[in-house]
Amino acid sequence: MRLRYACVTLVMVALLPNLLLAQRTAENIPTPASFLGFEVGADRRLADWNEITGYLNVLADASDRILLDTLGMTTLGRPFVALTISSAENLRRLDYYLEVQRKLADPRLLESELEAEELIAAGRAIVLITGGIHSTEVGGYQMPMRLAYHLASQDDEETRTILANVILLLVPSLNPDGSQMVVDWYESTLGRPWEGAGPPFLYHHYVGHDNNRDWYAFTQKETQLTVTKLHNVWHPQIVHDIHQMGSRGARLFAPPWIDPVEPNVDPLLIAGSNAIGTAMAWEMYGQGKTGIVINAIYDAWTPARAYQHYHGGVRVLTETASTRLATPITVPFDSLGGRRGVNAQTSSWRFPEPWPGGEWRLADIVDYQEAGATALLKQAALYRERWLNNFYRIGLRSIGGREGWPQAFVIPLEGQNADGLADMLRILVTGGVEVHRALESFVADSRVYTEGTYVIPLAQPYSGFAKTLLEVQEYPSLPEFPGGPLRQPYDVTAHTLPLMMGVDALALDELPDVALSEPIEAPSYEKQAPGLSGSRGPRVAIYEPWMSSMDAGWTRWVFDEYGIEYEQLRDADARAGGLRSRFDAILLPDFSPRSMIEGHEEGEMPPEYVGGLGETGVRGLEEFVREGGTLIAFNRASLLPIRQFALPVKDVVGEIDRRDFYIPGSILRLHLERGHPLAQGMPARTTAWFQRGLAFEPTEEAGDNVDIVGRYGEAGELLLSGWVNGAEHIGGHGAIAVVRHGRGRVVLFGFRPQYRGQTIASYPLIFNAIRSAAK
């Protein structure tokens with residue numbers, strides 16, 4: 001017994017220097033509270049972007065486990081930062097691990113299977129954790145401070161295992177501008193009746209919530225920085241995307257996803273997300289947390305939310321129940337509801353233990369989010385070699401060409417929309433796709449292609465990204481239950497770039513026999529709308545309500561990209577009248593007419609944001625038209641002038657039950673009247689992005705005051721990509737109507753012609769409508 005105790009004493013003495021060093025290190029690491037003056041997750045306290053970056057800089061200076069980099073500047077000029085967190089030894093060898101990742105991501109760089117095995121054994125699991133993309137989901141950019149502190153300061157076995165086996169890339173906010181906006185807004189609401197309400201403006205300068213639908217188009221600076229400086233450099237095996245959802249359902253969602261999964265996502269990735277999401281839920285339940293659901297609510301169909309699914313990594317989404325920003329709420333158990341596979345009051349295999357209800361605070365959100373992130377990091381560390389091996393296998397399958405896939409896509413030079421072609425090539429090349437030029441003319445499938453034709457062989461690492469964006473989508477029709485009604489898709493169902501951008505891209509079953517150039521660089525080009533860009537064209541206003549209109553933001557983005565001058569029109573401007581003296585054309589982007597007219601109710605917002613257009617504002621818009629102005633309305637906004645101006649036009653699909661007619665976001669055939677000024681320079685057949693849109697027909701009172709400029713294809717030819725339920729209700733009906741009203745006119749679009757900055761094929765319709773506005 002004396003010998004045993006003596007051995008223990010000797011071990012303790014030997015370990016004492018390390019223990020003291022760990023203690024000193026932990027003591028020297030500043031806590032978030034020591035810097036902020038409050039605990040992360042405290043009621044009614046939020047750190048703004050300046051405080052978050054200030055603390056993270058101090059933390060990085062104090063710890064040899066953290067590096068902090070500024071990747072670039074945001075849309076509004078704030079620093080966009082990322083932390084690299086791992087053991088000190090790993091950080092000293094970052095260049096080596098970066099080279100390991102580069103070779104495993106592209107197996108063509110390896111000399112043998114033996115080299116691959118050696119790199120897998122030596123490499124580290126690369127995990128990217130991102131928060132704060134949706135700025136009202138405040139936990140996502142508060143929690144990273146606490147996670148980073150714990151990884152920098154703790155010395156327990158679990159933390160050491162994570163740090164030794166994982167290189168964590170931590171982006172505390174994918175939208176720093178919004179993080180600052182929302183914190184400033186929230187602090188202005190404290191103690192007011194509207195405390196905790198979301199802001200009445202977009203929390204991203206242009207796109208608001210749609211910044212998480214930009215992961216294949218790369219339109220926004222923040223997306224571009226994340227893709228080019230992190231994804232394309234480090235090729236993470238796991239990407240954990242931290243979000244929040246509504247407050248009256250489950251407490252947290254993690255994968256598996258519900259069906260359908262986009263068919264170009266490698267099965268190994270789906271198996272990986274199933275495994276890690278389930279393990280996260282299991283770990284969190286073991287910690288005493290409840291209300292965690294898997295395999296419900298969210299699908300994995302669109303690449304707009306999942307860049308990594310086409311680049312060798314899994315996307316692990318978590319959605320945590322929200323509060324009113326940082327203000328606590330009380331949620332009685334009997335008020336909990338359900339959606340898409342989960343009833344928050346009923347246990348099931350995917351939801352073993354419901355949350356009992358009660359008070360829910362920001363501290364709970366942060367706690368759940370950190371527990372989920374830590375569980376994910378633990379799984380990445382414990383199964384490091386499996387993640388690396390699967391990552392390598394996915395790359396192997398991609399470079400070998402996949403059974404049943406085309407061998408290549410070709411993009412001819414003739415007859416293309418120039419802007420659409422340039423932008424599509426930019427997207428593909430930014431996404432790591434190798435695009436070549438044919439060095440001579442060639443024949444494929446009985447067609448002659450000229451020298452310079454773009455050729456995209458699909459035996460390359462990111463072939464899945466190319467294929468999913470270039471081919472037509474066929475979203476499956478899934479019943480709610482056997483023999484039941486069709487389940488409505490969670491999100492949009494189409495993403496075929498050639499159709500949206502006015503470009504022909506053809507799949508070939510055999511690789512063309514022609515010499516190819518080296519892969520091209522992403523092209524640069526100047527966007528021009530003749531007569532509108534940078535010139536004194538018609539005076540234009542874009543209406544934007546005090547209710548966060550993403551479609552208005554996208555419209556502003558398109559106009560800024562093309563250098564088209566405009567003014568923002570607010571409710572008070574419309575109510576003041578005299579619009580015709582200021583503007584020639586006013587655009588009403590997609591929005592609910594009722595919301596535009598009524599706006600916020602008194603007591604739910606500061607007085608300056610209460611109310612919408614009201615009767616006075618609607619009258620101001622109608623006077624603008626009657627006095628010779630052009631009012632251009634997109635999608636649902638078209639109902640405002642139809643109803644309020646009593647236009648002789650009707651929406652033929654508006655009253656049909658959604659179980660019989662529903663199109664959540666698909667690409668439809670559009671036929672244009674070529675002789676009409678609105679269709680100038682357009683092909684007779686083009687495309688329309690339809691998302692809960694309209695279809696027009698003149699009423700008996702129309703006379704010759706209504707021109708149907710565009711019609712949707714007949715039911716049998718209507719759908720080009722995506723999903724339609726009830727094509728017979730819309731086929732052949734009007735998609736664009738021009739209605740003369742007084743001395744002016746109203747241009748009605750039944751669809752979104754500038755959808756998320758992607759539908760370049762239909763931009764000319766907008767530009768033509770503005771050009772023809774009378775001065």
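None of the values given here were measured: they were computed from a predicted structure.

Asker: When you look at the layout of surface pockets in this model, what are you seeing that I'm missing?
Answerer: Left-over empty space is what a probe sized like a water molecule reveals as it rolls over the atoms. Each pocket or cavity is described by its volume, and for the largest pocket that value is around 700 Å³. Considering the residues around the largest pocket, the lining is formed by 32 residues, among which Asn417, Gly502, Val503, Pro683 and Ala761 are closest to the centre. When contributions to the lining of the largest pocket are tallied by element, the ones reaching two or more residues are helix H16 (497-501), strand S27 (685-690) and helix H22 (763-771). Counting residues per element, the lining of the largest pocket draws most heavily on H22, at four residues. Its residues assigned to classes, the lining of the largest pocket comprises 17 nonpolar, ten polar and five charged. Here the second largest pocket is characterised by a volume of approximately 610 Å³.

Asker: What am I meant to see in the packing of aromatic side chains here?
Answerer: To describe a pair of aromatic rings, one takes the distance between the centres and the angle between the planes. All told, the structure shown has 28 aromatic pairs when counted by the stated rule. For the pair Trp185 and Tyr609, a centre-to-centre distance of 6.1 Å together with 65 degrees between the ring planes defines the contact as edge-to-face. Here Trp185 is found in helix H9 (residues 176-189), whereas its partner Tyr609 is found in the loop between helix H19 (593-598) and helix H20 (614-626), with 424 residues between them in sequence. Above the ring of Trp360, the side-chain terminus of Arg251 is found at 4.6 Å from the ring centroid. Taking the ring centre of Trp405 as reference, the NZ or CZ of Arg402 above it sits at 5.3 Å.

Asker: Looking at this model, I keep getting lost on the pairing of strand S2 (residues 79-85). Mind explaining?
Answerer: Along any regular strand the residues' side chains alternate between the sheet's two faces. Of all seven residues that make up S2, six are buried, and the element is covered over most of its length. Judged from the seven bridges that link them, strand S1 (residues 66-73) and S2 form a sheet pairing that is antiparallel. What sits directly across from Leu67, in S2, is Thr84. Counting the residues between successive antiparallel strands, the hairpin from S1 to S2 contains five residues, one of them, Gly77, with a positive phi of roughly 90 degrees.

Asker: Would you take a moment to explain the confidence of the model for the chain for this structure?
Answerer: It should be kept in mind that the predicted coordinates are not to be read in detail where pLDDT is low. Confidence along the chain averages 95 in pLDDT terms, with 97% of residues attaining 70 or more. A low-confidence stretch, residues 1-24 (pLDDT under 50), is modelled with two contacts involving residues beyond four sequence positions or located in other chains.

Asker: Can you help me understand the pattern of salt bridges in this one?
Answerer: Where charged atoms from two side chains of opposite charge come close, those side chains can pair. As enumerated under the stated definition, the model contains 39 salt bridges in all. Where Glu99 meets Arg102, a salt bridge forms, and the shortest distance between an N and an O atom there is 2.8 Å. Highlighted residues: Glu99 and Arg102, both in helix H5 (residues 94-105), separated by three residues, approximately one helical turn. For Arg102, a relative accessible area of 40% gives the class partly exposed. Between Asp491 and Arg305 there is a salt bridge, with the nearest N and O atoms lying 2.7 Å from each other. Taken together, the residues span a long stretch of sequence, with Asp491 in the loop between helix H15 (463-470) and H16 and Arg305 in the loop between strand S9 (299-300) and strand S10 (314-321) at a distance of 186 residues. Take Asp491: its relative accessible area is 10%, and that puts it in the buried class. Judged by relative accessible area, Arg305 falls into the buried class, the value being 6%.

Asker: Honestly, the nonpolar core in this entry has me stumped. Any pointers?
Answerer: Ranked by size, the top nonpolar core spans 205 residues in total, and within it Leu377, Ile456, Tyr712 and Ile736 carry the most contacts. A per-element tally of this core places helix H12 (residues 362-382) first, with eleven residues. Once residues within four sequence positions are removed from consideration, Ile736 is found in contact with Leu670, Leu672, Leu678, Phe696, Asp707, Ile708, Val709, Gly710, Leu748, Phe749, Phe751 and Leu765. Phe583, Ala633, Leu640 and Ile708 belong to the second largest nonpolar core, which has 33 residues in total.

Asker: Got a minute to help me understand unusual backbone geometry in this structure?
Answerer: A negative phi angle characterises most non-glycine residues, just as the trans form characterises most peptide bonds. Going from Pro255 to Pro256, the amide bond is cis rather than trans, its omega being 15 degrees. Examined against the element boundaries, Pro256 turns out to sit in the loop between strand S6 (252-254) and strand S7 (258-261). For the bond running from Asp259 to Pro260, omega is 5 degrees, close enough to zero to count as cis. In this fold, Pro260 is placed in strand S7. Even without being a glycine, Arg44 presents a positive backbone phi close to 60 degrees. Within the secondary structure, Arg44 sits in the loop between helix H2 (32-36) and helix H3 (49-62).

Asker: Just checking my understanding: could you explain the sheet that holds S10 for this structure?
Answerer: Backbone-to-backbone hydrogen bonds pair the strands of a sheet. The strands run either parallel or antiparallel. Taken together, eight strands build an open sheet; the order of strands is S1-S2-S4-S3-S5-S10-S6-S8 and the sheet is mixed. The two strands at the open ends of the sheet, each matched to only one other strand, are S1 and strand S8 (292-294). Neighbour to neighbour, the strand axes of the sheet diverge by 20 degrees on average, direction disregarded. Both S6 and S10 contribute to a ladder of two bridges, which runs antiparallel. The residue bridging Leu252 from the neighbouring strand is Thr320, located in S10. Packed on one face of the sheet, helix H8 (residues 157-165) meets S2, strand S3 (125-130) and strand S4 (166-171) and runs near 90 degrees to S4. The sheet contacts of helix H11 (residues 267-286) involve strand S5 (238-245), S6, S8 and S10, and relative to S10 the element is tilted by about 35 degrees.

Asker: Please explain the sheet that holds strand S20 (residues 506-508) as it appears in this structure.
Answerer: Taken together, the four strands give an open sheet; going across it, the order is S16-S19-S15-S20, and neighbouring strands pair in antiparallel fashion. Both edges of this open sheet fall to strand S16 (436-437) and S20, since each of them pairs with a single strand only. Pairing between strand S15 (residues 408-411) and strand S19 (residues 454-457): four bridges, direction antiparallel. Residue pairing for S19: Ile411 is matched across the bridge by Tyr454.

Asker: I keep staring at the side chain of His436 and nothing clicks. Help me out?
Answerer: Looking at the element boundaries, His436 is found in strand S16. Within the structure, the side chain of His436 is placed 2.6 Å from the backbone oxygen of Ser517, a separation counted as a polar contact. Apart from the residues lying within four places of it in its own chain, the contact partners of His436 are Thr453, Tyr454, Val455, Pro457, Leu516, Ser517, Glu518 and Pro519.

Asker: Help me out: how do you make sense of the packing of H5 against helix H6 (residues 113-122) in this one?
Answerer: Contact pair H5 / H6: the axes reach a minimum separation of 10 Å and the direction vectors enclose 135 degrees. As summarised for this structure, H5 and H6 are arranged oblique, according to the angle between their axes. Crossing geometry of H5 relative to H6 is assigned as left-handed. In this structure, H5 uses Tyr96, Tyr97, Val100, Lys103 and Leu104 to contact H6, whose residues at the interface are Glu115, Ala116, Leu119, Ile120 and Ala122.

Thresholds, definitions, all that
Residues numbered from 1 in each chain as written. Predicted model: local features only at pLDDT ≥ 70, side-chain atom pairs only at ≥ 80, totals over all residues. Heavy atoms only, no water. 1 Å grid on protein atoms, 1.4 Å probe; cavity = no way out; pocket = protein on both sides within 12 Å on 5 of 7 lines; lining within 4 Å. Points joined across faces, edges and corners; volume = space filled by probe spheres on them. Helix = DSSP H or I, 4+ residues; strand = E, 2+ residues; numbered from the N terminus. Nonpolar A, V, L, I, M, F, W, Y, C, P; charged D, E, K, R; others polar. Phe/Tyr/Trp six-rings, centres within 6.5 Å; stacked < 30°, edge-to-face > 60°. Lys NZ or Arg CZ within 6 Å of the ring centre and 35° of its normal. Buried < 20%, exposed > 50% of the residue type's maximum accessible area, 1.4 Å probe, protein only. Pairing = 2+ DSSP bridges. pLDDT = per-residue confidence, 0-100. Contact = heavy atoms within 4.5 Å. Salt bridge = Lys/Arg side-chain N within 4 Å of Asp/Glu carboxyl O. Core = buried A, V, L, I, M, F, W, Y, C linked by side-chain atoms within 4.5 Å. Axes fitted to C-alpha atoms, helices over the stretch in contact; angles between N-to-C directions. Polar contact = N/O pair within 3.5 Å; in protein donor to acceptor, adjacent residues only side chain to side chain. Parallel < 35°, antiparallel > 145°, perpendicular 65-115°, else oblique. Left-handed = near helix turned anticlockwise from the far one by under 90°.

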